[in-house]
Amino acid sequence: MNTFCNRGTMPDKGDPYRHHPRLRGKIISPETLRFRSLDLSDIDAQMRAQGLPDNWRRTDAERDACRKNTLQAHWGGDIWIFAYGSLMWDPAFHFSEVRRTHLSGYHRRFCLRSEVARGTPDCPGLMAGLDLGGTCNGLVFRVDADKLETESRFIWRREMLLGSYVPEFLTLTTKQGPVEAMAFVVNRDNPMLLPSLSLEETARRIAHAEGYLGPNIDYLENLAASFELLELEDEELFRLRDLARRFRAART
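Residues numbered from 1 in each chain as written. Predicted model: local features only at pLDDT ≥ 70, side-chain atom pairs only at ≥ 80, totals over all residues. Heavy atoms only, no water.

Caption draft 1: Quick look at the side chain of Asn137. Looking at the element boundaries, Asn137 is found in strand β3 (residues 125–143). Polar contacts involving the side chain of Asn137 include one to the side chain of His102, which spans 2.7 Å. In contact with Asn137, not counting residues within four places along its chain, are Phe82, Tyr84, Thr101, His102, Arg108, Phe227, Leu232 and Glu233. (Helix = DSSP H or I, 4+ residues; strand = E, 2+ residues; numbered from the N terminus. Polar contact = N/O pair within 3.5 Å; in protein donor to acceptor, adjacent residues only side chain to side chain. Contact = heavy atoms within 4.5 Å.)

What follows is the structure, encoded as structure tokens:
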């Protein structure tokens, strides 16, 4: 029996949280997010004010071409989306099922320099990317076929605004069986991709950075909280959070 199911009851097959009821109320509803109706021209103006060039992001046409090319073999069916970072609590798309999952051959690494969302050019933050080697725990969300056209537009708007990631379909394991899911892997040609940093340097950068989405440490805190909620093991993640807290506290 799934440890997250209430004893004596059968999960509702139409309930997205049937495998993990503890997640109910912990994942932000897409309808409450300004992201889905956000005018990107407003962000463009903010970025120009910070000194970024006009081409700081991909154009709508570039993103849509990538989306159609990636999904061309998947129209007409449901798809799964792998979440290993902020997608775990803030996916910004509608889903019909969520499962805890494990991926072999890739690991989560705070390797992406953030000068927009969680930092600035003068004080950049760090975002997580999916890099080769090791293993990675997270969540996987199912998007129904009849919602794929609409929801995939928001997925690309959220994850593919910059050139940080490359979408790839990978095989993941879940307690309910294996799934092929789309994962956002680090783009090796991305100039914002950083070499390995020490845990201390990673924590220091996260503790000090803040962007238009808020303090970088909030991103780390939310990620660690998701792992605690799901009872997922990641000793390095929790050590990083504790270090970042200490560096943040030392600022005051």
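On we go.
Caption draft 2: Main features of helix α2 (residues 60–71). Look at α2: 17 Å from first C-alpha to last across 12 residues, which is about the 16 Å you get at 1.5 Å a residue. Every buried residue of α2 is listed here: Arg63, Asp64, Cys66, Arg67, Thr70 and Leu71. With its buried residues spanning 160 degrees around the axis, α2 presents them on a single face. Among the exposed residues of α2, those oriented more than 90 degrees off its buried face are Ala61 and Asn69. (Expected span 1.5 Å × (residues − 1). Buried < 20%, exposed > 50% of the residue type's maximum accessible area, 1.4 Å probe, protein only. Arc of directions from axis to C-beta.)

Caption draft 3: How the structure looks around the nonpolar core. In this structure, Phe82, Phe110 and Leu130 are the most contacted members of the largest nonpolar core, which totals 64 residues. The leading source of residues in this core is β3, at nine residues. Those residues in contact with Phe110 that lie beyond four places of it in its chain are Leu126, Met127, Ala128, Thr202, Ile206, Tyr219, Leu220, Leu223, Leu237 and Leu240. In this structure, Leu40, Ile43, Val116 and Leu161 belong to the second largest nonpolar core, which totals five residues. (Core = buried A, V, L, I, M, F, W, Y, C linked by side-chain atoms within 4.5 Å.)

Caption draft 4: Expanded view of the side chain of Ser86. You can see Ser86 is positioned in the loop between β1 (79–83) and β2 (97–114). Once residues lying within four places of it in the same chain are set aside, the contact partners of Ser86 are Pro91, Arg158 and Tyr219.

Caption draft 5: Summary view of the confidence of the model for the chain. Across the chain, pLDDT averages 89, with 89% of residues at or above 70. In this model, residues 1–11 is a region of pLDDT below 50 whose contacts with residues beyond four sequence positions or in other chains number 19 contacts. (pLDDT = per-residue confidence, 0-100.)

Caption draft 6: Layout of the pattern of salt bridges. For the structure on display, the rule yields 25 salt bridges. The salt bridge partner of Arg142 is Asp78, with a shortest N-O separation of 3.1 Å. With Arg142 in strand β3 and Asp78 in the loop between α2 and β1, this pair connects stretches of sequence that are 64 residues apart. Residue Arg142 is classed as buried on the basis of its relative accessible area of 16%. (Salt bridge = Lys/Arg side-chain N within 4 Å of Asp/Glu carboxyl O.)

Caption draft 7: Just the environment of Phe184, in detail. Following the sequence through the fold, Phe184 ends up in strand β5 (residues 179–186). When the C-alpha positions of Phe184 and Glu168 are compared, they lie 6.4 Å apart, and in sequence the two are 16 residues distant. Leave out the neighbours within four places in its chain, and Phe184 touches Tyr84, Leu87, Leu130, Ile155, Glu159, Met160, Tyr165, Val166 and Pro167.

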